Amino acid sequence: MDVRVRSLSHGKRDVNAISPQAIQPLAAEEEKTAVTILEKPRVAGRTASDFTDQTQGLSPVTPPHDPAVPYDNGYQFPPPHSKSKSFQIAMKSFGKWVLTPFGFLITVYALNVVAWGGMLFLVLCTAAPAMCHPSCNDIDSPRKKWIEIDSQILNALFCVTGLGLIPWRFRDLYYLLQWRIMKKESGIRRLAGLHNDWFRLEGSQNVPVTYDPTSGSVPAGIPDSALALPISKSPTPPLTGERAGPSAYWKLDFVIWCYVWNTLLQICLCGVMWGLNRFNRPGWTTGLLISVACIVAGVGGWMAFKEGKAVKKVEGVPVSEEDREELLRSHNAEMAKV
């Protein structure tokens, strides 16, 4: 029988032409190669640190996981819903939230901003010609008076967030400056605890997935810098069994400074609206300050929302009982096909 041995780099070799001493290294090389191919890293059940690119020194990055495949711990993301189903779920959640005191106040506030902002837009667009008496640009016309009234009401509404949140915004700025200027590690750790819904510290991806921060202890081999302050504010055990990678620290700077600038711009708007009257106030000041203040607040909120969504995509979201039943039905249907 013509026996041949496969080699990784030399194709096929006739065993009769190779000595027994040469066959053993070739066989060992093939066995090692086969083991390497079989030992591909699994995605589920691994932490982000398992996928660090050691050759290029990249930050740990958790590879994407197929939402349709359960994780090693049995967790599976909720099934995708149609637009109508998603709308029903959102409205049901909103209905429960709006009945809470906080939800009711936020809803009333948002409706006032939309209503008075919409009225200001319509008046500026001359949607009510009856207000243009004797002319649209006459300082004593009803149109000009209502523009002033709407602007003052909107300014007061924006003061609720721009000025009312000063204690929390400047607290975050204080901790940020502690870390950036005074080089105190406690500053960034406290910020990580305050923003634990979207911000992750460097090294937090190596914390054991079963670690409960409410225990107050520090896991063995984990530096204090990987945990928030107080420790109880550190991320809870992830539902998926995987921890999200560390956040880019500049994004925390970005969010905090956006909110601080929103407050500073609101203070400038108040000075213009209350320090000057409609007869001597430049028309461009109100529109410019309102626009820029809304933009910086919106961009900061979008950044926090985007990062929070990325964290949930790795660590998972709670699954409702209805979604559990849907996942079970889908699993049973697939098993029946097999």
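Details of the structure are given in the entry above.
Residues numbered from 1 in each chain as written. Predicted model: local features only at pLDDT ≥ 70, side-chain atom pairs only at ≥ 80, totals over all residues. Heavy atoms only, no water.

## Remarks on the environment of Ala115
Heads up, the condition is: Strands here mean DSSP runs of E at least two residues long; helices mean DSSP runs of H or I at least four residues long; both are numbered from the N terminus.
The topology assignment puts Ala115 in helix α3 (residues 101–124). For the pair Ala115 and Leu154, spaced 39 residues apart in sequence, the C-alpha separation works out to 9.8 Å.

## Some details on the nonpolar core
The nonpolar side chains of soluble globular proteins are, as a tendency, buried together. The cut-off we apply is this: Take the buried Ala, Val, Leu, Ile, Met, Phe, Trp, Tyr and Cys residues and link them wherever side-chain atoms come within 4.5 Å; each set so joined is a nonpolar core. Between buried and exposed lies partly exposed: a residue is buried under 20% and exposed over 50% of the maximum accessible area for its type, with that area taken using a 1.4 Å probe on protein chains only.
Membership of the largest hydrophobic core comes to 17 residues, with the highest contact counts inside it found for Ile188, Leu191, Trp198, Phe199, Leu252 and Ile256. Residues Leu120, Ile147, Ala293 and Val296 belong to the second largest nonpolar core, which totals 15 residues.

## Focus: the pattern of salt bridges
Once their charged atoms are close, side chains differing in charge can pair, the charge on each being opposite to the other. Applicable threshold: Only one rule defines a salt bridge in this text: a Lys or Arg side-chain nitrogen within 4 Å of an Asp or Glu carboxyl oxygen.
Under the defined criterion, the tally for this structure stands at seven salt bridges. For Arg171, the salt bridge is made with Asp172, and the minimal N-O distance between the two is 3.1 Å. Note on Arg171: relative accessible area 28%, which makes it partly exposed. Between Asp253 and Arg180 there is a salt bridge, with its nearest N and O atoms 2.8 Å apart. Here Asp253 is found in helix α7 (residues 249–275), whereas its partner Arg180 is found in helix α5 (residues 166–180), with 73 residues between them in sequence.

## Considering the state of the cysteines
Simply put, the disulfide is a covalent bond whose two ends are the sulfur atoms of two cysteines. Let me state the cut-off plainly: Whenever a pair of cysteine sulfur atoms sits within 2.5 Å, that pair is classed as a disulfide.
Counted by the stated rule, this structure contains one disulfide. Between the sulfur of Cys132 and that of Cys136 lies a disulfide, 2.0 Å long from S to S. Judged by the sign of its S-S torsion, about 95°, the cystine formed by Cys132 and Cys136 is right-handed. Take Cys132: its relative accessible area is 15%, and that puts it in the buried class. Exposure remark for Cys136: the relative accessible area of 24% places this residue in the partly exposed category. Between Cys159, a cysteine without a disulfide, and Cys270, which holds the nearest cysteine sulfur, the sulfur-to-sulfur distance is 3.2 Å. Free of any disulfide, Cys268 has its nearest cysteine sulfur in Cys270, 9.3 Å distant. Classification of Cys268 as partly exposed rests on a relative accessible area of 42%.

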